[in-house]
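Take a look at the letters that make up each chain.
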Amino acid sequence: MDVITNHVFGKLDFFEKLNYSHYWKSKYWITRSQIETLIPILSVLFIGFTFIQIMTDLIRIEYLILEYFFFFVCLRLIFLFIHQDFKNYMIKAEIIGYFVLHELLIILETSKSLKEATKFIITGKYLIFSDIFSESLIRSHFGQQLNDALRSQINSQISGELRRIFLNVIDTWETGVEVAQLSTNMILNHLSEYITEETDKVDTWGSLFSGLIFLSPPVILCFLLLSGQISYIIVIILIATVFFGSFLFRPDKHLSIFTSDSPILPFTDNKTIELLMIHAENLSLGVSYTKSLNKALNIYITNSTEDIASSMKDSLISFRLGIERTSFTELEILRKFFSSRTIQILNLIEKFSYVNTKLAGSKLMMITEEMSKTGNLLRTGKARVKAISFQTTIIQTFSLISLGFIAGASPFFQLISYSVGEFDLKTHIVTNFDPIFIFLGFLMSILPIYFNFSSEYKIKSTQDIIIRISRFLLFLIVFNLAREILTVSF
């Protein structure tokens, strides 16, 4: 059975790449071994069920063939979904990988310490890469050189162009500033091209997805009503297709990195960048670390009166007055307002300030400028994803208007069909499909349905819920208007 499964549906060996098995289990609560066990069991049960049907003469041969075809297609779709999910996972991991590479080079150039840069990546909690660097650091504690441990982990976990660049960075980071700068520019250019390529793909596939999920149901229903071929079973099949298609074939899954909380997002926040830039300029002028940070915080708090809670202001009074001896990075209250990445950078610069304040300022300036470049790329990607989402929303709204009109005028369309078919309009009864049409309208109003167990995709905002309810209300309004205007004489 395993041989047949592997040849027909494909092997699942990719579960071991880039820690995908852990990601899959945490997201879908099922393991690779359980999938490989469940498929043969389902196949045996299905074959047994059809054998009973044949022995009891309960099914004709053509329906039996149809059952087997349907079962095969369902299994194939399951494996297609798994492969597509892995592909999205790999693309997302590669995008994050280039951000990690850029950050790694910045910290290497700033600290001149591979161990410091490794710790920086570990605490960033990046998908896959933090685990790779964490395992390498653990191995270095048991006698293996950190360079060798990183090379071994990267060779075993990463593939393609990303692996080649990672290995080059580890081998050449000590060579000089020119090599590091060249690598940084190359990574930024590659990342920019990659984001453009992926968002363009999503734009194309997103248009196709919107057409299939939103535009096709009204057209199909209109055709069925006019041809007289509509029935409850056909509409239920259409609803099921729309429902499963809304989350099985979602083209922008791997671009959730631009819309969800992530360690790489702090530098899309202009206020954080401004805080660090002011701090860097003060340090470069020779101002002490504490006084420099106090000035930057005063400006940050003054210009963000609506965003900074009074509790934060009160807790920072003693620090801002120079009374508090506790290090800035040890103040837990700040972790509620600044990202862990921002705290890390300030902690690193505080260490440099003990040696030379002006040097610490120049290093913070360099880190902020470089991180701003990736921040600009993130903002570009985020804007393009929002534009794609807006396009889908427009298509969805017009589709709901069309669906509401067709559903509301369904008795009128049925009478046209009967008149063309030479039925007796006086004796023929118009079928009421309103409940199922309204359910389809409701379903299309709340799409896309993010059918998984990760909080990343769940509907969390009240605004989003209001928008979906508003779309359904729009459908009902159009439905009632069409019913009143076109069927008033029936």
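No experiment lies behind these values; they were computed from the predicted model shown.

Novice: With reference to specific residues and values, describe the overall build of the protein chain.
Specialist: Helix and strand content of the protein chain: 19 helices and zero strands. The buried share of the protein chain, taken over its 490 residues, is 45%. Of the roughly 25,700 Å² of accessible surface on the protein chain, a fraction of 63% belongs to carbon and sulfur atoms.

Novice: Hey, could you go over the nonpolar core for me, with residue numbers and the actual values?
Specialist: It is characteristic of soluble globular proteins that their nonpolar side chains tend to be buried jointly. In this structure, Phe129, Phe166 and Ile349 are the most contacted members of the largest nonpolar core, which totals 82 residues. Among the elements that line this core, the one with the most residues is helix α4 (residues 61-111), at 20 residues. Dropping the residues within four chain positions of it, Phe166 is found in contact with Gly97, Val100, Leu101, Leu104, Phe129, Phe133, Ile154 and Ile158. Core analysis: the next-biggest nonpolar cluster, separate from the first, contains 28 residues, Val242, Leu400, Met444 and Phe472 among them.

Novice: Give me the lowdown on α4, citing residues and values where you can.
Specialist: For α4, which comprises 51 residues, the first-to-last C-alpha distance of 74 Å matches the rise-based estimate of 75 Å (1.5 Å per residue) to within 8%. Once α4 finishes, Lys112 follows within two positions and takes phi at roughly 55°, a positive value.

Novice: Describe the pattern of salt bridges, naming the residues involved and giving the relevant values.
Specialist: Counting across every chain of the model gives four salt bridges. Across the pair Lys351 and Glu116 runs a salt bridge, and its minimum N-O distance is 3.9 Å. Taken together, the positions of Lys351 in helix α15 (residues 340-353) and Glu116 in helix α5 (residues 114-123) put the pair 235 residues apart, joining distant regions of the chain. Note that Asp434 and Arg483 form a salt bridge whose closest N and O atoms lie 2.8 Å from each other. Taken as a pair, Asp434 in helix α18 (residues 434-446) and Arg483 in helix α19 (residues 462-486) lie far apart in primary sequence, 49 residues in all. When its relative accessible area of 15% is taken as the criterion, Asp434 is described as buried.

Novice: Give me the lowdown on a nonpolar patch on the surface, citing residues and values where you can.
Specialist: Residues Leu38, Ile41, Leu42 and Leu45 make up a contiguous nonpolar surface patch of about 350 Å² in total accessible area. Overall, the relative accessible area of 41% leaves Leu38 in the partly exposed class.

Novice: An account of the packing of helix α6 (residues 129-140) against helix α7 (residues 146-157) is needed here, citing residue identities and associated values.
Specialist: One can describe the packing of α6 onto α7 by two numbers: an axis separation of 8 Å at closest approach and a directional angle of 140°. For the element pair α6 / α7, the angle class is oblique. Both α6 and α7 take part in a crossing whose hand is right-handed. Here α6 contributes Ile132, Phe133, Glu135, Ser136, Leu137, Arg139 and Ser140 to the contact with α7, which in turn contributes Leu146, Ala149, Leu150, Ser152, Gln153, Ile154 and Gln157. Of the residues that constitute the contact of α6 with α7, the class distribution is seven nonpolar, five polar and two charged.

Novice: Give me the lowdown on helix α11 (residues 270-284), citing residues and values where you can.
Specialist: Taking 1.5 Å of rise per residue, 15 residues should cover 21 Å, and α11 covers 21 Å from first to last C-alpha, within 8% of that figure. For α11, the set of buried residues is Thr272, Ile273, Leu275, Leu276, His279, Ala280, Asn282 and Leu283. Its buried side turned inward, α11 meets α12 (289-302), α15 and α16 (357-408). At the C-terminal side of α11, Gly286 shows a positive phi close to 95°.

Novice: Give a detailed account of the side chain of Ser130, specifying residues and quantitative values.
Specialist: If you trace the backbone, Ser130 turns up in helix α6. A polar side-chain atom of Ser130 sits 2.8 Å from the main-chain carbonyl oxygen of Ile121.

Novice: How would you explain the packing of aromatic side chains if you had to name every residue and give the values?
Specialist: Summed over the entire model, instances satisfying the criterion amount to eight aromatic pairs. Relative to Phe433, the ring of Tyr232 lies with its centre 5.2 Å away and its plane at 35°, an arrangement referred to as tilted. One end of the pair, Tyr232, is in helix α10 (residues 232-248); the other, Phe433, is in the loop between α17 (410-420) and α18, and 201 residues separate them in sequence. The exposure class of Tyr232 is partly exposed, given its relative accessible area of 36%. Here the aromatic residues Phe442, Phe472, Phe475 and Phe479 are joined through ring pairs into a cluster of three or more.

Rules and cut-offs
- Residues numbered from 1 in each chain as written.
- Predicted model: local features only at pLDDT ≥ 70, side-chain atom pairs only at ≥ 80, totals over all residues.
- Heavy atoms only, no water.
- Helix = DSSP H or I, 4+ residues; strand = E, 2+ residues; numbered from the N terminus.
- Buried < 20%, exposed > 50% of the residue type's maximum accessible area, 1.4 Å probe, protein only.
- Areas by Shrake-Rupley, 256 points an atom, 1.4 Å probe, with all protein chains shown as cover.
- Core = buried A, V, L, I, M, F, W, Y, C linked by side-chain atoms within 4.5 Å.
- Contact = heavy atoms within 4.5 Å.
- Expected span 1.5 Å × (residues − 1).
- Salt bridge = Lys/Arg side-chain N within 4 Å of Asp/Glu carboxyl O.
- Patch = residues over 30% accessible without salt bridge, like charges linked within 9 Å, V, L, I, M, F, W, Y side chains within 5 Å.
- Axes fitted to C-alpha atoms, helices over the stretch in contact; angles between N-to-C directions.
- Parallel < 35°, antiparallel > 145°, perpendicular 65-115°, else oblique.
- Left-handed = near helix turned anticlockwise from the far one by under 90°.
- Nonpolar A, V, L, I, M, F, W, Y, C, P; charged D, E, K, R; others polar.
- Polar contact = N/O pair within 3.5 Å; in protein donor to acceptor, adjacent residues only side chain to side chain.
- Phe/Tyr/Trp six-rings, centres within 6.5 Å; stacked < 30°, edge-to-face > 60°.

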